[in-house]
Amino acid sequence: MFVLELETMQPTLEELTALVHIVDGGSATAAAARLRVAKSVISKRVASLEAKLAVSLLHRSGRRMIPNDAGLLAYERAKVVLPQVDALVEEVTVRAGALRGPIHVSAPLSFGIRYLSPIVCKFMLMHPDVEVRLDLDDRYVDIGGRGYDLAIRIGRLDDSALKARRIATSQRRIYGSPAYVQREGRPRTLDDLGRHACLAYANETYGHIWQFEQARSRAIRSLTLPPRFVSNSGEALRDAAVEGLGLAALPTFLAHDEVRAGRLVEVRLPGWLMAPDTIQAVFLQSVALPARVRKFIDHIIAALSPPLPWEEADR
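This part is about the nonpolar core. Soluble globular proteins tend to pack their nonpolar side chains together in the buried interior. Phe111, Leu150 and Ile152 are the most contacted members of the largest nonpolar core, which totals 40 residues. Sorting elements by how many residues they give to this core places helix α6 (residues 109-126) first, with six residues. Setting aside anything within four residues of it in sequence, one finds Ile152 in contact with Val105, Ser106, Ala107, Pro108, Phe111, Leu116, Ile167, Ile279, Gln280, Ala281 and Ile300. In terms of nonpolar packing, the next biggest core, distinct from the first, is built from 19 residues, Leu16, Ala28, Ala31 and Val46 among them.

Burial analysis of strand β15 (residues 277-284) places six of its eight residues in the buried class, which makes it a mostly covered element. Of the pairings in the sheet, the one linking strand β5 (residues 150-155) to β15 comprises five bridges and is antiparallel in character. Within β15, the residue paired with Ile152 across the bridge is Ala281. With eight bridges connecting them, strand β6 (residues 162-170) and β15 associate as antiparallel partners. By the bridge assignment for β15, Arg166 is matched with Gln280.

Where helix α2 (residues 13-25) meets helix α4 (residues 39-53), the axes come as close as 8 Å, and the angle between the chain directions of the two elements is 110°. Between α2 and α4, the interaxial angle falls into the category roughly perpendicular. As for how α2 packs across α4, the hand of that crossing is left-handed. Between α2 and α4, the residues in contact are Glu14, Glu15, Leu16, Ala18, Leu19 and Ile22 and Ile42, Arg45, Val46, Ser48, Leu49 and Lys52, respectively. Looking at side-chain class alone, the contact of α2 with α4 contains seven nonpolar, one polar and four charged residues.

Moving on, we come to a nonpolar patch on the surface. A contiguous nonpolar patch, built from Leu88, Val89 and Val92 and spanning about 270 Å² of accessible area, is present on the exposed surface. Mapped onto the secondary structure, Val89 falls in helix α5 (residues 69-95).

Calculation notes
Residues numbered from 1 in each chain as written. Predicted model: local features only at pLDDT ≥ 70, side-chain atom pairs only at ≥ 80, totals over all residues. Heavy atoms only, no water. Core = buried A, V, L, I, M, F, W, Y, C linked by side-chain atoms within 4.5 Å. Buried < 20%, exposed > 50% of the residue type's maximum accessible area, 1.4 Å probe, protein only. Helix = DSSP H or I, 4+ residues; strand = E, 2+ residues; numbered from the N terminus. Contact = heavy atoms within 4.5 Å. Pairing = 2+ DSSP bridges. Axes fitted to C-alpha atoms, helices over the stretch in contact; angles between N-to-C directions. Parallel < 35°, antiparallel > 145°, perpendicular 65-115°, else oblique. Left-handed = near helix turned anticlockwise from the far one by under 90°. Nonpolar A, V, L, I, M, F, W, Y, C, P; charged D, E, K, R; others polar. Patch = residues over 30% accessible without salt bridge, like charges linked within 9 Å, V, L, I, M, F, W, Y side chains within 5 Å. Areas by Shrake-Rupley, 256 points an atom, 1.4 Å probe, with all protein chains shown as cover. Salt bridge = Lys/Arg side-chain N within 4 Å of Asp/Glu carboxyl O.

Put into structure tokens, the structure is as follows:
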């Protein structure tokens, strides 16, 4: 009976994890979002932890929850213990030849549906004890704040808190509908673009800036073009181009079906190409990736090795 009572008084990993994420995020709401549970669950876990330790750990300051001296001590100890437990579990399972546990990943909508989703499914068939949550959204998400293990991004890495692994190169081209090109004429130089209606991507700070690379010298030139139509969806921009609203700078993986069907034509500027983007897996620099996440990234890189699927379709 005495042993049983001692066991029930021991803090659980879930309770310690809740405390860590409250302190890191500043509130139970932030911790609940990070752990993807209800706020009431976080509150109950912390209340249980305080009851077991017979001491208050947190106090409120406005909307924030701040640890007191006891809470700070518990937080610092838990920050050491929890990664050690994770490492123990991972080492044992990896040595047994199995990957297990959750992977939470964010990816762009169009690319995710068409190309990433089949790759993820194959990985899960290979590793039946791995659970994946794949969130598809063209917006850049807060990886740490929203509880993602990694995000697949296409473009430039501007966040210094993130680390990246290159997956592949995404070529970008200028496209317009045959009707638009016939009506407005085909631009022949970079300066000609300023006289055309342009369609811009809203999810990037440089969405209104088209960057070009000189074929011979590799010199870079950027053009700021006032857009006629702006969207946070690459598919919406593609559809607007198909309807003849203007010229769009699109990744080739998004446009190649429309080009093959004759609904879009590539607008080429002699001597210039659009600067390519990088498809990359990004994750927090401060977090050691579990083996399952590292293997997941390896699998994506292998699946998207050249020739890329949309390049093969054009052959």
